[in-house]
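What follows is each chain in one-letter form.
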Amino acid sequence: MLGFDGVIENSYDAAQLATLDQGAELVGVLIQDIHTQYHQTAPWIMIREGRFTGTSSIMPQKRNPNALNVLRLQASDIGGGAVNALIEGHNTTPGLPDYKREQVDRTLELSADTFAKLADLLDNLVLDKDRALA
């Protein structure tokens, strides 16, 4: 009806955006899997004791994955910041001042910090192969 010869497949999402989505989803699944291990009686993925873990206030023998909690909170802030910038971008019409303010810079800085923390955390994972196989 629009005069095209046939259906034109839009590959932008599949070729450009899907690769970004897959990486974000993979990291989310990995972080959730590590976090879930802390709810198990015999976990197979743990974080090396030290600066990434902390004691529980009600169970001193228990170790909390503090680094994972920080990463999850930062990821939420990044997602919120990205959506905020997207929505505010729609408010710009020709001739108006630029909509980008400090929240864009803050989101990018937080993203870089989060990736650095994630890389550091991944270097400090302890895997128990026998428990994993069990």
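Model, not experiment: these values are computed from the prediction.

## A few points about the overall build of the protein
- Across its full length, the protein carries 4 helices and 4 strands.
- The N-to-C order of helical and strand elements in the protein reads α-β-β-β-α-α-β-α.
- Put simply, the protein has 134 residues, and 24% of those count as buried.
- Counting every atom, the protein has about 10,100 Å² of accessible surface; 59% of that belongs to carbon and sulfur.

## Some points on the nonpolar core
- Residues I31, I34, Y38, I45, I47, F52, A67, L68, L71, L118, L121 and L125 constitute the largest nonpolar core, which totals 12 residues.
- Counting only elements with at least two residues in this core, the list comes to α1 (12–37), β1 (45–47), α2 (66–89) and α3 (102–122).
- A per-element tally of this core places α2 first, with 3 residues.

## Let's talk about the environment of K117
- Among the structural elements, K117 can be located in helix α3.
- Sequence-wise, K117 and L71 are 46 residues apart; in three dimensions their C-alpha atoms are separated by 7.5 Å.

## A look at the confidence of the model for the protein
- Taken residue by residue, the protein gives an average pLDDT of 80. The fraction at 70 or more is 77%.
- Considering each helix and strand of the protein separately, the mean pLDDT is smallest for α1, with a value of 70, and largest for strand β4 (residues 125–127), with 92.

## Focus: the pattern of salt bridges
- By the definition in use, this model includes 4 salt bridges.
- In this structure, the salt-bridge partner of R63 is E49, at a minimum N-O distance of 3.1 Å. Taken together, the positions of R63 in strand β3 (residues 63–64) and E49 in the loop between β1 and β2 (54–55) put the pair 14 residues apart, joining distant regions of the chain.
- Overall, the relative accessible area of 48% leaves E49 in the partly exposed class.

## Comments concerning the packing of α2 against α3
- Interaxial distance between α2 and α3 falls to 9 Å at its minimum, and their mutual angle equals 150°. Between α2 and α3, the angle falls in the class roughly antiparallel. For the element pair α2 and α3, the recorded crossing hand is left-handed. On the side of α2, the interface is formed by A67, L68, V70, L71, Q74, D77, I78, G81, A82, N84, A85 and E88, while α3 contributes Q103, V104, R106, T107, L110, S111, D113, T114, K117, L118 and L121.

Thresholds applied
Residues numbered from 1 in each chain as written. Predicted model: local features only at pLDDT ≥ 70, side-chain atom pairs only at ≥ 80, totals over all residues. Heavy atoms only, no water. Helix = DSSP H or I, 4+ residues; strand = E, 2+ residues; numbered from the N terminus. Buried < 20%, exposed > 50% of the residue type's maximum accessible area, 1.4 Å probe, protein only. Areas by Shrake-Rupley, 256 points an atom, 1.4 Å probe, with all protein chains shown as cover. Core = buried A, V, L, I, M, F, W, Y, C linked by side-chain atoms within 4.5 Å. pLDDT = per-residue confidence, 0-100. Salt bridge = Lys/Arg side-chain N within 4 Å of Asp/Glu carboxyl O. Axes fitted to C-alpha atoms, helices over the stretch in contact; angles between N-to-C directions. Parallel < 35°, antiparallel > 145°, perpendicular 65-115°, else oblique. Left-handed = near helix turned anticlockwise from the far one by under 90°. Contact = heavy atoms within 4.5 Å.

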